[in-house]
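# Topology and contacts: notes
Residues per chain are reported as follows:
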Amino acid sequence: MSDQLIEVDKLRDTLRESLEVDDKRQEDISRQDVLTRIERVIQTIVISASKGEAPVLRLMNRCNWSSVRFHKSVGLVRKADVPVTTLRCDCPSSATRFALVLKLLSVIYKLVQSDSYATKRDIYYNDPQLFGSQKTLDSVLDDISCMLKVPRRSLHVFATSKGLISGDLCYLEEDGTKVDCNSSSTAVPVSSNVNGIRNIVSAAKFILIVEKDATLQRLLDDDFCTRLSPCIIITGKGVPDVNSRLMVRKLWDTLHVPVFALVDADPHGIEIMCIYKYGSRAMAFEAHSLTVPSVLWLGLLPSDIQRYRVPEETLIPFSQADESKINSLRNRDYITCQPAWEREIETMQRLKQKAEIQSLASIAPHFLTRVYLPNKLRYGGWI
């Protein structure tokens, strides 16, 4: 089958010819520089206190659309004049978060100073009552990374990966451990230190991002990676974590092969695909290290629902939340600049129905792996 993927080969050659050197990628910052930036923040607080003034912290507002702009070759990037949120230690509504920022700055400072590392879960379980929830700690950590203008990997705090990867891929972890993803039945957890990966070896012709781990397992059960073509499949198990996004970017930077997305034909699936391709508002300050704008939509396309006559009983009616999400998507710059994507979203909105990848199994048990994906890849059925 691999010798029949002429369209994939053509696409790979086109992508390599059009490669642009991205010289704005956020580089690792020295330990001393990280320590200096933290010291400046603390110094500002001490000076305010010495003057009898209430200390404040100014955090960039990461979650508003007004904080980002769309750059076609990068994705969602942070604007130069980002709105700022002020945390005051004497204000009841912000005092708790003010304290959490200082606590986490203290933990990070000790980690960087001693050249040691911790996971976010380690930090949380050292004082779960203080942070209240893992989600709160994660948010504060991202605020600090953005405030210091330091990539999270330079803060010596790792996140436990939730993603899985399989296929024609071998590499070395930073500690020298060899990882072989060439298993026909099980996937390997995505590394928690993607930036430390080296010696990547792969003959893959393409990378396939799948939305769900159930879909990835189905592909493995049908021996997709070896039977169709040397390839790599990866999932972030829904909305991708940072490590899954870093891994896709790392593979793209190293291999320069086409990257396809296989997601549900619903607004949520499109949103997930766009996070890999263009990034998210909350992490726009690290867009140059996280996005892969060359990602292509392989399926499940809304137009495929009618084209392949997916049984009506497997389709799901739109909810109010779906309507809201699809209206939001249609207004985004990274959708309006792609007519083919716009047409698919219009088709979905007109049908007012959505379909999961699993619905293809109602046509035939192995339809996804033996008909749908091979035909898509063989004849260039992506947009």
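Residues numbered from 1 in each chain as written. Predicted model: local features only at pLDDT ≥ 70, side-chain atom pairs only at ≥ 80, totals over all residues. Heavy atoms only, no water.

## Some thoughts on the UniProt feature "active site" (unreviewed entry) in the protein chain
So the rule is basically this: UniProt positions are given in the numbering used here, feature names are shortened, and annotations may be inferred rather than shown by experiment. A run of DSSP states H or I qualifies as a helix once it reaches four residues; a run of E qualifies as a strand once it reaches two. Both are numbered from the N-terminal end.
On the UniProt side, "active site" (unreviewed entry) is annotated at positions that read Tyr 125 here. Mapped onto the elements of the fold, Tyr 125 is located in helix α4 (residues 120-126).

## As for the sheet that holds strand β10 (residues 188-189)
Note the following rule: In this analysis, strands are considered paired if DSSP registers two or more bridges between them. We call two residues contacting when some pair of their heavy atoms lies within 4.5 Å. Axes, fitted as lines to C-alpha atoms, cover a helix only where it is in contact. Angles between the N-to-C directions of the axes lie from 0 to 180 degrees.
Taking strand neighbours across the sheet as the criterion, the six strands line up as β10-β7-β13-β12-β14-β15 in an open arrangement whose pairing is mixed. The open sheet terminates on both sides in strands that have one partner only, identified here as β10 and β15 (296-299). Alignment of strand β14 (residues 259-262) against β15, held across three bridges, turns out to be parallel. Directly across from Ala 261, in β15, lies its bridge partner Trp 297. Its contacts with the sheet put helix α9 (residues 242-255) on β7 (164-167), β12 (206-210), β13 (231-235) and β14, and the angle it makes with β13 is roughly 160°. Along the sheet, helix α16 (residues 367-379) makes contact with β12, β14 and β15, crossing β15 at roughly 145°.

## Focus on the nonpolar core
Stated precisely, the cut-off is as follows: We call a set of buried residues a nonpolar core when its members are Ala, Val, Leu, Ile, Met, Phe, Trp, Tyr or Cys and they connect through side-chain atoms within 4.5 Å of each other. We call a residue buried when its accessible area falls under 20% of the maximum for its residue type, exposed when it is over 50%, and partly exposed in between, using a 1.4 Å probe and counting protein chains only. Residue ranges assigned to each domain were obtained from an automatic or database domain assignment.
Ile 165, Phe 206, Leu 208, Phe 224, Met 247 and Phe 260 are the most contacted members of the largest nonpolar core, which totals 84 residues. With seven residues, the top contributor of residues to this core is α9. Each of domain 1 (31-158) and domain 2 (161-379) accounts for three or more of the residues forming this core. Ignoring anything within four residues of it in the chain, the contact list for Phe 206 reads Leu 5, Val 8, Phe 224, Leu 228, Ser 229, Pro 230, Cys 231, Ile 232, Val 257, Pro 258, Phe 260 and Leu 377. By size, the runner-up hydrophobic cluster in this structure holds 30 residues, among which are Leu 59, Leu 87, Ile 108 and Phe 131.

## Thoughts on the side chain of Ser 67
Let me state the cut-off plainly: Within 3.5 Å is the distance limit for a polar contact, defined as a pair of N or O atoms, with the added protein rule that one can donate a hydrogen and the other accept it, and that residues adjacent in sequence qualify only through two side-chain atoms.
Counting through the fold element by element, Ser 67 comes out in the loop between β1 (56-60) and β2 (68-71). The class for Ser 67 is buried, based on a relative accessible area of 2%. Here Asn 61 takes part through its backbone oxygen, which lies 2.6 Å from a polar atom of the side chain of Ser 67. Not counting residues within four places of it along the chain, the set of residues in contact with Ser 67 comprises Asn 61, Val 77, Arg 78, Lys 79, Val 82 and Pro 83.

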